[in-house]
Structure formats: structure tokens, C-alpha cells
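Coordinate inspection notes
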Amino acid sequence: MQRSSILLAMAFALVAAASAWAQGQAPGRDRAARSNTACFNQKEAEAEAEVRTGIQIREILRRCAQIDPGGQAYLDDWYLFDQENGDRLRAAVELRRTALGRIFPNRGQAQQWETDATVATMKPLQTNEAVCKSTYDIMERLKKEQWKGFKYYARLQENILVYELPLCRK
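Scope of this entry: the structure provided in the associated data block. Not measured: the values here are computed from a predicted model. (Residues numbered from 1 in each chain as written. Predicted model: local features only at pLDDT ≥ 70, side-chain atom pairs only at ≥ 80, totals over all residues. Heavy atoms only, no water.)

Let's shift gears to the overall build of the chain. The number of helices and strands found in the chain is eight helices and zero strands. When the helices and strands of the chain are read in sequence order from the N terminus, they spell out α-α-α-α-α-α-α-α. Here the chain holds 170 residues, and the buried ones make up 45% of them. Of all intrachain contacts in the chain linking residues separated by at least 6 positions in sequence, the fraction that spans at least 24 positions is 85%. When the accessible surface of the chain is split by element, carbon and sulfur atoms take 54% of a total near 9,200 Å². (Helix = DSSP H or I, 4+ residues; strand = E, 2+ residues; numbered from the N terminus. Buried < 20%, exposed > 50% of the residue type's maximum accessible area, 1.4 Å probe, protein only. Contact = heavy atoms within 4.5 Å. Areas by Shrake-Rupley, 256 points an atom, 1.4 Å probe, with all protein chains shown as cover.)

Here you go:
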């Protein structure tokens, strides 16, 4: 389990680096940074991390299901987890949208940021046997620990996000 945590943290770090580069190109970011609104408060950072963690796990499992005959069972486990925790995940998506609405002056800019974040999060990730195995280990943890296990992985993501959009200063 420790090995999968290290591998996931490394994968998240690489993904975040690509995502940070893409986010630096977002229209309106300079103006938001100057007005000190280009930041997440703690709850918004948690929500962003939860959204991205969910996207990453789901997309990795989708790719693994295409290359590994046993991968579909883990993808089905994710869909079950998603269904059981749908209220929490939808709340995270809504909080994230509210934060992006504050940071970016118009809806188009916020939507572009969301799209860029998703593309940058997943595009550079190569799916192979090791990545699939690590993600299967994550799913085993989520089956046992449910939301608590998911939050563990989301916190790893959250620690990386501060390089993209820092926490707001009080």
C-alpha cells in the first residue's frame, strides 16, 4: 500500500506540473492575481483536490479497463464509490465552480480554466501495468475505507495545488 501511495504522489506531482503550466495561460489570471482573488480558501482547495482526484482515478481506471481484462471490475468499483458518495462529490464540484466564479471575472474564463485543468491533469499520464496496479491498490483502499480513504488521496493532491492557485491570505 505504501508503494502505491508513493507512485500516486509522483503521478500527481507530474500532472500538477503540467497543469500549473497550462493554468498560467488562462485568460484573466493576471488581473485576478493582482486583485488577490486568484486563490482558494481552505474549503475550496479541498473541493478542487476532491474533484481532480475523482477525475484522475476514474480516467486512469477507464484506460486500464481498455488494456487489462481485470480492469473493468475496478472501474465498476469506482462507479459504485461515485454513486455512494455522489452528494459529497457534487458538493465539491459546486464549491469549485463558485470559487472559479470568484477568481475569474466571466463564466467563459472559469469554464476555460476547468477545461484546461482537466486536459492538463490527464493528457500527460501514460497508462501502463504499474499505473493500473497502483490505481487498483487505491480502489482496494477506497473499498475498505470509503470516503476516509478518498480524502487521504485528495489531501495529496491538495498539497500540490498550492503551486497552481495558492491558499488565500487572511
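With that out of the way, let us pick up the packing of helix α3 (residues 42–67) against helix α5 (residues 86–103). Helix-helix packing is described using two parameters, namely the angle between the two axes and the distance between the axes. For the pair α3 and α5, interaxial distance at closest approach is 8 Å and the crossing angle is 120 degrees. With respect to their mutual orientation, α3 and α5 come out oblique. The handedness of the crossing between α3 and α5 is left-handed. Every residue of α5 that contacts α3 at Lys43, Glu44, Ala47, Glu48, Glu50 and Val51 is listed here: Arg88, Ala92, Val93, Leu95, Arg96, Ala99 and Arg102. Tallied by class, residues from the contact of α3 with α5 come to six nonpolar, no polar and seven charged. (Axes fitted to C-alpha atoms, helices over the stretch in contact; angles between N-to-C directions. Parallel < 35°, antiparallel > 145°, perpendicular 65-115°, else oblique. Left-handed = near helix turned anticlockwise from the far one by under 90°. Nonpolar A, V, L, I, M, F, W, Y, C, P; charged D, E, K, R; others polar.)

A separate point is unusual backbone geometry. Positive phi, normally seen in glycine, also occurs at Gln146, with a value near 55 degrees. Mapped onto the elements, Gln146 comes out in the loop between α7 (129–145) and α8 (147–161). For Gln146, a relative accessible area of 29% gives the class partly exposed.

Where α3 meets helix α4 (residues 71–84), the closest approach of the two axes is 8 Å, and the angle between their N-to-C directions is 155 degrees. If you check the angle between α3 and α4, you find them roughly antiparallel. The element α3 and its partner α4 pack so that their crossing is left-handed. Of the residues in α4, those touching α3 at Gly54, Ile57, Arg58, Leu61, Arg62, Cys64 and Ala65 are Gly71, Gln72, Tyr74, Leu75, Trp78 and Tyr79. Residues belonging to the contact of α3 with α4 are distributed by class as follows: eight nonpolar, three polar and two charged.

This brings us to the packing of aromatic side chains. In this structure the tally under the stated criterion is seven aromatic pairs. When the ring of Trp78 is compared with that of Phe150, the centres are 6.2 Å apart and the planes differ by 40 degrees; the resulting orientation is tilted. In this pair, Trp78 sits in helix α4 while Phe150 sits in helix α8, placing the two residues 72 residues apart along the sequence. Here Trp78 falls in the buried class, since its relative accessible area comes to 3%. What makes Phe150 buried here is its relative accessible area of 0%. With centroids separated by 5.5 Å and ring planes inclined at 40 degrees, the aromatic side chains of Phe81 and Phe150 adopt a geometry described as tilted. Pair noted here: Phe81 is in helix α4 and Phe150 is in helix α8, with a separation of 69 residues, a long-range link. When sorted by exposure, Phe81 lands in the same class as Phe150, which is buried. These aromatic residues form a ring-pair network of at least three members: Trp78, Phe81, Trp147 and Phe150. (Phe/Tyr/Trp six-rings, centres within 6.5 Å; stacked < 30°, edge-to-face > 60°.)

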